[in-house]
Amino acid sequence: MAIAKRITINDVALAAGVSVSTVSLVLSGKGRISPATGQRVNAAIETLGFVRNRQAASLRGGQSGVIGLIVADLCKPFYAELTTGLTARLEAEGRMVFLTQGGRRGEHVRQRFDTLVSQGVDGIVIAGSPGNAGELLAQAQEHGIPLVFASRAGYLDAVSYTHLTLPTICSV
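Residues numbered from 1 in each chain as written. Predicted model: local features only at pLDDT ≥ 70, side-chain atom pairs only at ≥ 80, totals over all residues. Heavy atoms only, no water.

J.: How would you summarise the overall build of the protein if you had to cite specific residues and measurements?
T.: Summing up its helical and strand segments, the protein has eight helices and four strands in all. Starting at the N terminus, the α and β elements of the protein follow one another as α-α-α-α-β-α-β-α-β-α-β-α. A total of 172 residues make up the protein; the buried ones form 36% of that total. Across the protein, every contact between residues at least 6 apart in sequence was considered, and the portion connecting residues at least 24 apart equals 59%. Put simply, the protein shows about 10300 Å² of open surface, and 53% of that area lies on carbon and sulfur atoms. (Helix = DSSP H or I, 4+ residues; strand = E, 2+ residues; numbered from the N terminus. Buried < 20%, exposed > 50% of the residue type's maximum accessible area, 1.4 Å probe, protein only. Contact = heavy atoms within 4.5 Å. Areas by Shrake-Rupley, 256 points an atom, 1.4 Å probe, with all protein chains shown as cover.)

Quick look at the structure:
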């Protein structure tokens, strides 16, 4: 059985009759590209079945396009609705959500947080009751990762933190 060749950005550039940098600009949505050129590149992407490698893009650009989301319990309607809304918004911004659960009592939040950091996410949202919020905030700052606490309760009032909104994380 033959293994299918992975389509690369070079293949797309060749098929569209443009440079690799032009394909990169179309993929990132940056730069001044004429609508006709953008359509040619997108047609080549579609025809060839090109799939962008997020890991390679993050090595070049320093961003993964992934936001980590730690929720306490997806079975609870609040967390399910928060996950749905946040995912829709981030995907509309061209981002992807890496979803994990921290446990009903937050017993796995630290481990999940460390995993997300090691995966190179661009930011983390924690929805639930992390008993160690101050420690997590310090770790996030140490790694230069935006951290948002999302909760319907006021238990974080005693924690001193920089308030980050969703648009702030989306613009990272």
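More follows now that the structure is in view.
J.: So what's going on with the pairing of strand 3 (residues 123-127)? Which residues, and what values?
T.: Regular strands have side chains that alternate between both faces of the sheet. Counted residue by residue, strand 3 has five buried out of five residues, so it is predominantly covered. Residue alternation in strand 3 divides its side chains into two sets, Gly-123, Val-125 and Ala-127 and Ile-124 and Ile-126, and both sets are buried. Inspection of the sheet shows strand 1 (residues 66-71) paired to strand 3 by five bridges, in the parallel sense. Bridged to Ile-67 within strand 3 is Gly-123. Pairing of strand 3 with strand 4 (residues 147-150) involves four bridges; the strand directions are parallel. Each bridged residue has a counterpart across the sheet, and for Val-125 the counterpart in strand 4 is Val-148. (Pairing = 2+ DSSP bridges.)

J.: How would you summarise the packing of helix 6 (residues 109-118) against helix 7 (residues 133-143) if you had to cite specific residues and measurements?
T.: Where helix 6 meets helix 7, the axes come as close as 11 Å, and the angle between the chain directions of the two elements is 10°. Judged by the inter-axis angle, helix 6 sits roughly parallel to helix 7. Contacts from Val-109, Arg-110, Phe-113 and Val-117 of helix 6 reach helix 7 at Glu-135, Leu-136, Gln-139, Ala-140 and His-143. Class assignment for the residues of the contact of helix 6 with helix 7 results in five nonpolar, two polar and two charged. (Axes fitted to C-alpha atoms, helices over the stretch in contact; angles between N-to-C directions. Parallel < 35°, antiparallel > 145°, perpendicular 65-115°, else oblique. Nonpolar A, V, L, I, M, F, W, Y, C, P; charged D, E, K, R; others polar.)

J.: Hey, could you go over the nonpolar core for me, with residue numbers and the actual values?
T.: With 16 residues, the main nonpolar core has Ile-70, Phe-113, Ile-124, Ile-126, Leu-136 and Leu-147 as its most contacted residues. Secondary structure elements with two or more residues in this core: strand 1, helix 6, strand 3, helix 7 and strand 4. When near neighbours in sequence (up to four residues on either side) are disregarded, Phe-113 contacts Ile-70, Ile-124, Ile-126, Leu-136, Gln-139, Ala-140 and Leu-147. If you look at the next biggest cluster of nonpolar residues, it comprises 13 residues, including Val-71, Tyr-79, Ala-127 and Val-148. (Core = buried A, V, L, I, M, F, W, Y, C linked by side-chain atoms within 4.5 Å.)

J.: Can you lay out the pattern of salt bridges for me, pointing to particular residues and giving the numbers?
T.: Tallied over the full model, the rule gives four salt bridges. The salt bridge partner of Asp-122 is Arg-95, with a shortest N-O separation of 2.7 Å. You can see Asp-122 sitting in the loop between helix 6 and strand 3 and its partner Arg-95 sitting in the loop between helix 5 (77-92) and strand 2 (96-101), a full 27 residues away along the chain. Judged by its relative accessible area of 7%, Asp-122 is buried. Measuring nitrogen to oxygen at the nearest pair gives 3.2 Å for the salt bridge that ties Arg-110 to Asp-114. Of this pair, Arg-110 and Asp-114 both sit in helix 6, four residues apart, which is roughly one turn of that helix. Its relative accessible area of 23% is what places Arg-110 among the partly exposed residues. For Asp-114, a relative accessible area of 36% puts it in the partly exposed group. Here the salt bridges share partners, and the residues they tie into one network are Arg-110, Asp-114 and Glu-135. (Salt bridge = Lys/Arg side-chain N within 4 Å of Asp/Glu carboxyl O.)

None of the figures reported here should be taken as evidence of function without further support.
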